[in-house]
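Chain by chain, the residues run as shown.
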2 protein chains.
Amino acid sequence: MNIPEKVINRLTLYHYILEDCNNNEENISSTKIAELLNIDNSQVRKDIKYLNNTGKCRVGYNVQKLKSAIEKELGFKKERDAFIIGAGNLGSALAKFDSFKNYGLQVLAMFDNDPKKVGLSINNKEVFHISKLPDLIKRLNVNIAILTVPREYAKETANFLVKSGIKYIWNFTPCILDVPKNVKVWNENLIGSFLQFINKDEM
Amino acid sequence: MNIPEKVINRLTLYHYILEDCNNNEENISSTKIAELLNIDNSQVRKDIKYLNNTGKCRVGYNVQKLKSAIEKELGFKKERDAFIIGAGNLGSALAKFDSFKNYGLQVLAMFDNDPKKVGLSINNKEVFHISKLPDLIKRLNVNIAILTVPREYAKETANFLVKSGIKYIWNFTPCILDVPKNVKVWNENLIGSFLQFINKDEM
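Residues numbered from 1 in each chain as written. Chains lettered and ligands numbered in written order. Predicted model: local features only at pLDDT ≥ 70, side-chain atom pairs only at ≥ 80, totals over all residues. Heavy atoms only, no water.

Novice: I'd like to hear about the interface of chain B and chain A, residue by residue, with values.
Specialist: The partner chain A presents 61 residues to the 61 residues of chain B that form the contact. When chain B packs against chain A, the two sides together hide about 6300 Å² of surface, and 62% of this comes from carbon and sulfur. Taken together, chain B and chain A are joined by six salt bridges. Remark: the boundary between chain B and chain A carries 18 residue pairs in polar contact (both at pLDDT 80 or more). For the side of chain B that touches chain A, the secondary-structure elements that each account for two or more residues are helix H1 (5-20), helix H2 (30-37), helix H4 (63-74), helix H5 (89-95), helix H6 (99-102), strand E9 (168-171), strand E10 (184-187) and helix H9 (190-200) of chain B. Of all the elements, H9 of chain B adds the most residues to the side of chain B that touches chain A, at 11 residues. Taken together, the residues of the side of chain B that touches chain A break down into 33 nonpolar, 12 polar and 16 charged. (Contact = heavy atoms within 4.5 Å. Buried area = accessible area lost by both parts, 1.4 Å probe. Salt bridge = Lys/Arg side-chain N within 4 Å of Asp/Glu carboxyl O. Polar contact = N/O pair within 3.5 Å; in protein donor to acceptor, adjacent residues only side chain to side chain. Helix = DSSP H or I, 4+ residues; strand = E, 2+ residues; numbered from the N terminus. Nonpolar A, V, L, I, M, F, W, Y, C, P; charged D, E, K, R; others polar.)

Given below as structure tokens:
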């Protein structure tokens, strides 16, 4: 089913809440979810209608069933392998972010051009020299790259990724990449995110 | 003016593109912007209509005027001070992210409870012990916290932030915070972001 982006985002937040539920909480109400996220109850119910087998009952939703329904619909179970490009602080933070694995994103290795970083192991992910990338893309059949290099290297690195066979770039740099149409870029726009926050609340 | 969140996000991306323009590029067309972001030309023109004094001309938009119009509308020039809570990899990456300053977000200091981190200076931002937070919030009149602690400490840290006087929490942890209504939380939902990406492209 084609679920709007905003709904996907909120369903993931509902999943965080369900993950936090203790084993003795069998059910959860849409009101409770709505309160925690400070959104409308009707919004929560509308979003959940995109799912099948949500465990809806008189007192809300069955926690386990709703969790499974979100996982199934958003494809958490389908494993996707990725490389992190750039082993600086951001790359390392993402390499250590174990939650990714629970949501189907498996980081296999990291790449950098800094000899001091090459050979390190960050959360069991080895840092390879960037020159090894084309070969490892082929051997491990990886087509997702998480780009965390400094802004000034973003474009040339993206070009190298494309030449090496990467098809999806999750771009954490504040730089717009100019790539061929068959390569998809998702801009993780932290500044845009912050500005949405402050403009929303008229801070 | 009340600009939809999605539009704010895209306007920031247009701003990145304009920042990248050389001094000798006087104008830019909506087609060029649309191509770089792989979106519709009509979408770009519609978004820009939210702005005043966009420098629209026969061949597109004047780069400098459009840039200024975005900055004015989204309030880049209004400085907002913030603290980063958690001096791990992610906190350090954000502390080093100098672009924030260009968009009005000024990180004044960092906080952690790890004695090995307290006293460090990361990109000229000193790391203080978390116990110093309430005092520094008052003295520096800061009400924004960027939360980057590990998931298991997210809730207790958020409670401490609220008690200390923080009013806005930019939450980078994969954990939903339960805070009073007068405190605003913006969940930087990286997993949701990734799932939007992959669901969009049916990877």
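Okay, back to it.
Novice: Tell me about the sheet that holds strand E7 (residues 125-129) of chain A, and please be specific about residues and values.
Specialist: All names here are of chain A. Read from one edge to the other, the open sheet built from seven strands follows the order E6-E7-E5-E4-E8-E9-E10, with strand pairing classed as mixed. In this open sheet, the two strands that pair with only one neighbour each are strand E6 (121-122) and strand E10 (184-187). Here strand E9 (residues 168-171) runs beside E10; their pairing, made up of four bridges, is parallel. Across the sheet, residue Tyr168 finds its bridge partner in E10, namely Lys184. Its contacts with the sheet place helix H8 (residues 154-164) against strand E4 (80-85), strand E8 (144-147) and E9, and it is angled at close to 170° to E8. (Pairing = 2+ DSSP bridges. Axes fitted to C-alpha atoms, helices over the stretch in contact; angles between N-to-C directions.)

Novice: Describe the pattern of salt bridges, listing the residues and the values that go with them.
Specialist: By the definition in use, this model includes 12 salt bridges over all chains. Lys67 of chain B is the partner of Glu19 of chain B in a salt bridge, and the nearest nitrogen-oxygen pair spans 3.4 Å. Separated by 48 residues along the polypeptide, Glu19 of chain B in helix H1 and Lys67 of chain B in helix H4 bring together distant segments of the chain. Its relative accessible area of 30% is what places Glu19 of chain B among the partly exposed residues. Note that Asp135 of chain B is salt-bridged to Arg139 of chain B, the shortest N-O span being 3.1 Å. Note that Asp135 of chain B and Arg139 of chain B are positioned in helix H7 (residues 133-140) at a spacing of four residues, about one turn of the helix. Within this structure, Asp20 of chain A together with Arg151 and Lys155 of chain B form a network of salt bridges that share partners. (Buried < 20%, exposed > 50% of the residue type's maximum accessible area, 1.4 Å probe, protein only.)

Novice: How would you sum up the nonpolar core? Please name residues and give values.
Specialist: In this structure, Ile70, Ile146 and Trp170 of chain A together with Ile70, Ile146 and Trp170 of chain B are the most contacted members of the largest nonpolar core, which totals 106 residues. Residues in contact with Ile70 of chain B, not counting those within four places in the same chain, are Leu11, Tyr14, His15, Leu18, Leu51 and Phe76 of chain B. (Core = buried A, V, L, I, M, F, W, Y, C linked by side-chain atoms within 4.5 Å.)

Novice: Could you give an account of the relation of the copies chain B and chain A, naming the residues involved and the relevant values?
Specialist: Least-squares fitting of chain B to chain A yields an RMSD of 0.0 Å, with the superposition described by an axial translation of 0.0 Å and a rotation of 180°. Look at the turn and shift together and you get a two-fold axis relating the two. The C-alpha atom lying nearest the rotation axis in chain B is that of Asn89 of chain B; the distance is 2.5 Å. Interface residue correspondence from chain B to chain A reaches 100%, placing this contact among same-surface, isologous pairings. (Least-squares fit on C-alpha atoms with pLDDT ≥ 70 in both.)

Novice: Help me get a handle on the environment of Phe128 of chain A, residues and values and all.
Specialist: All names here are of chain A. Within the secondary structure layout, Phe128 lies in strand E7. For Phe128, a relative accessible area of 22% gives the class partly exposed. Setting aside its immediate chain neighbours within four residues, Phe128 contacts Ala109, Met110, Phe111, Asp112, Val118 and Leu136.

Novice: Requested: an account of the packing of H1 of chain B against H4 of chain B, with residues and values cited.
Specialist: Residues and elements named next belong to chain B. Across the interface, H1 lies against H4 with an axial gap of 10 Å and an inter-helix angle of 145°. Helix-helix and strand crossings are classified by hand; for H1 and H4 the assignment is left-handed. When H1 is examined against H4, the residues Ile8, Leu11, Thr12, Tyr14, His15, Leu18 and Glu19 are found in contact with a partner set consisting of Val63, Leu66, Lys67, Ile70, Glu71 and Leu74. Taken together, the residues of the contact of H1 with H4 sort by class into eight nonpolar, two polar and three charged. (Left-handed = near helix turned anticlockwise from the far one by under 90°.)

Novice: So what's going on with the sheet that holds strand E8 (residues 144-147) of chain B? Residues and values would help.
Specialist: Residues and elements named next belong to chain B. One open sheet holds the seven strands; their spatial order is E6-E7-E5-E4-E8-E9-E10, and the pairing between them is mixed. Each having just a single partner strand, strand E6 (121-122) and E10 make up the two edges of the open sheet. In the packing of H7 onto the sheet, the strands contacted are strand E4 (80-85), strand E5 (105-112) and strand E7 (125-129), and the crossing angle to E4 comes to about 170°. Along the sheet, helix H8 (residues 154-164) makes contact with E4, E8 and E9, crossing E8 at roughly 170°.

Novice: Requested: an account of H7 of chain B, with residues and values cited.
Specialist: Residues and elements named next belong to chain B. Burial in H7 covers these residues: Leu133, Leu136 and Ile137. Taken end-on, H7 shows its buried residues confined to a sector of 105°, consistent with a single buried face. H7 presents Lys138 and Arg139 as exposed residues on the side facing more than 90 degrees away from its buried surface. If you follow the buried residues of H7, they end up packed against E4, E5, E7 and H8. Backbone geometry just downstream of H7 places Asn141 in the positive-phi region, at approximately 55°. (Arc of directions from axis to C-beta.)

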